Amino acid sequence: MKLQPLTSAAFATFVLSITCLVASSARAALSEHDDPSRNDGPVQRAFQIESQDLTWTDAARTRDIPVRTYAPSLDHGNGPFPVIIFSHGGGESREAFTYLGTHWAGHGYIVVFLTHIGSDRKAVDELGLRGMGGVKDFHLRPEDVGFVLDKLLSDDPGSELLAGRLAADQIAVAGQCAGSSTALAMVGLRVNLPGKTDATFIDPRFKCAVALSPQPGIQLGGPFQADSWSRIEVPTLVVTGTRDFNWTPAARATPGQTRVPFDGLPPGDKFLVEIKDAEHNAFTDSVPFYRARERDPRHHLWIQQATTAFLDAYLNNDTQALKWLMDEVLETETKGECQQEEKLAEAAIVNEKPREDSSDDEAQPESPAVDRVAELLRLFDRDKNQALSRDESPQRLKTIFERID
């Protein structure tokens, strides 16, 4: 039986309700409404949500970190709710991802968007592209993320929307562009920094990662090398576009560069969504400071669907959401405008679309059937009876079970 995602989604709209809290903090109550034209993926939830701006100070570094939080309203109780910490790309800020913050919070997540001062929109407005930050200052970004996580899990996170409401064992890190590099550095990405090769900032409190429009560059002496992504062990979702980074000459000359981060990941719960014609601005809702075409509104919807399914699967252990990913429903529903790939555990299943540079003469090693069955049991045996029914198996793997039967 093919799993069909439910229709009608939660989409948050602001209702003004502003108060002062800490320096320059604001709070806005939001409510959900249903739009029958929306297909929201495998799982539907409807939470009233609230948003709040705060500025936290890392006294040890004498550094301010402005944040914007989105959370289920206090009417929904103390949860606890799973957590997402999000790092913006160079030239963006905590304000550039409303479409994600409202959507994720509406599905039951507490979401915290950082502003990395010095590589944010204000820096670009003042300094041009030099304000996007560089390798020399990259360490500030993961240090900001680590501080924010410590603050969230402290006895006093400074907000009633946060205090006592966070699930400390259900935390994801996410980001866009340079923010994706920041997020991935927290889970194993190795970066060449001045005076330190293969620097990483691993924090085991992060259970999974979402990388939107990750930086693809590999160049001699640059921050990334071919194996920079090879030690990321946590479940990871990469979302990119076929025209991502198209505003740079290097990306136009080598379109396949946008796949480099996913291709560099090791097997084991790794997922790719590649959106046809999506440009760099498809992943934000800010006004781009680079040359870009008008956004296709479908791209935001598809990003919301893919990321929410992934987060539900790996933070909430939602087998329906995992099945939706594995069945590549988004690819089917978009008629191929979203291409999906998966890298599951080694010696189990790797579903990678044929590449243009592949050769029929290349021998493809076969994985032992017993290892495949064990991996499928791990992923889809919902009733934990050490047997996998046809209903439990993902649609695209039905043929494997026919052979096993």
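None of these values were measured; they are calculated from a predicted model. (Residues numbered from 1 in each chain as written. Predicted model: local features only at pLDDT ≥ 70, side-chain atom pairs only at ≥ 80, totals over all residues. Heavy atoms only, no water.)

Let us now look at the pattern of salt bridges. Across all of its chains, the model carries 15 salt bridges by this definition. Between R61 and D58 there is a salt bridge, and its shortest N-O distance comes to 2.6 Å. What you see here is one network of salt bridges that share partners, running through D58, R61, R63, E143 and D144. (Salt bridge = Lys/Arg side-chain N within 4 Å of Asp/Glu carboxyl O.)

This part is about the environment of R63. One can find R63 in strand β4 (residues 63-72). Note on R63: relative accessible area 12%, which makes it buried. Residues R63 and H116, spaced 53 residues apart in sequence, show a C-alpha to C-alpha distance of 9.8 Å. Ignoring any residue separated from it by four or fewer positions in sequence, one finds R63 in contact with W56, T57, D58, H116, I117, L140 and D144. Within the local environment of R63, its side chain forms a polar contact with the backbone oxygen of I117, the two atoms lying 2.9 Å apart. (Helix = DSSP H or I, 4+ residues; strand = E, 2+ residues; numbered from the N terminus. Buried < 20%, exposed > 50% of the residue type's maximum accessible area, 1.4 Å probe, protein only. Contact = heavy atoms within 4.5 Å. Polar contact = N/O pair within 3.5 Å; in protein donor to acceptor, adjacent residues only side chain to side chain.)

This part is about helix α7 (residues 297-315). Along its 19 residues, α7 runs 27 Å from first to last C-alpha, staying within 8% of the 27 Å computed at 1.5 Å per residue. Judged by how many residues are buried, α7 sits mostly within the fold: 17 of 19 residues are covered. Looking one or two residues beyond α7, the residue adopting positive phi is N317, at roughly 55 degrees. (Expected span 1.5 Å × (residues − 1).)

Evaluated as defined, the whole model comprises eleven aromatic pairs. Aromatic pair F97 and F113: ring centres 5.9 Å apart, planes at 5 degrees, arrangement stacked. With F97 in the loop between β5 (81-87) and α1 (98-106) and F113 in strand β6 (residues 110-114), this pair connects stretches of sequence that are 16 residues apart. On the basis of relative accessibility, which here comes to 1%, the residue F97 falls in the buried class. Accessibility expressed as a relative area gives 0% for F113, which makes it buried. (Phe/Tyr/Trp six-rings, centres within 6.5 Å; stacked < 30°, edge-to-face > 60°.)

Time to look at the side chain of T236. By the secondary structure assignment, T236 is in strand β11 (residues 236-243). Judged by relative accessible area, which is 0%, T236 ranks as buried. A polar contact of 2.9 Å, which involves the side chain of T236, links it to the backbone oxygen of V234. Not counting chain neighbours up to four residues away, the residues in contact with T236 comprise L184, A209, L265, D269, K270, F271 and F310.

Below, the discussion takes up the nonpolar core. Membership of the largest hydrophobic core comes to 87 residues, with the highest contact counts inside it found for V148 and L311. Sorting elements by how many residues they give to this core places α7 first, with ten residues. The contact partners of L311, leaving out residues within four places of it in the chain, are I84, W104, Y109, A172, C208, V210 and N316. (Core = buried A, V, L, I, M, F, W, Y, C linked by side-chain atoms within 4.5 Å.)

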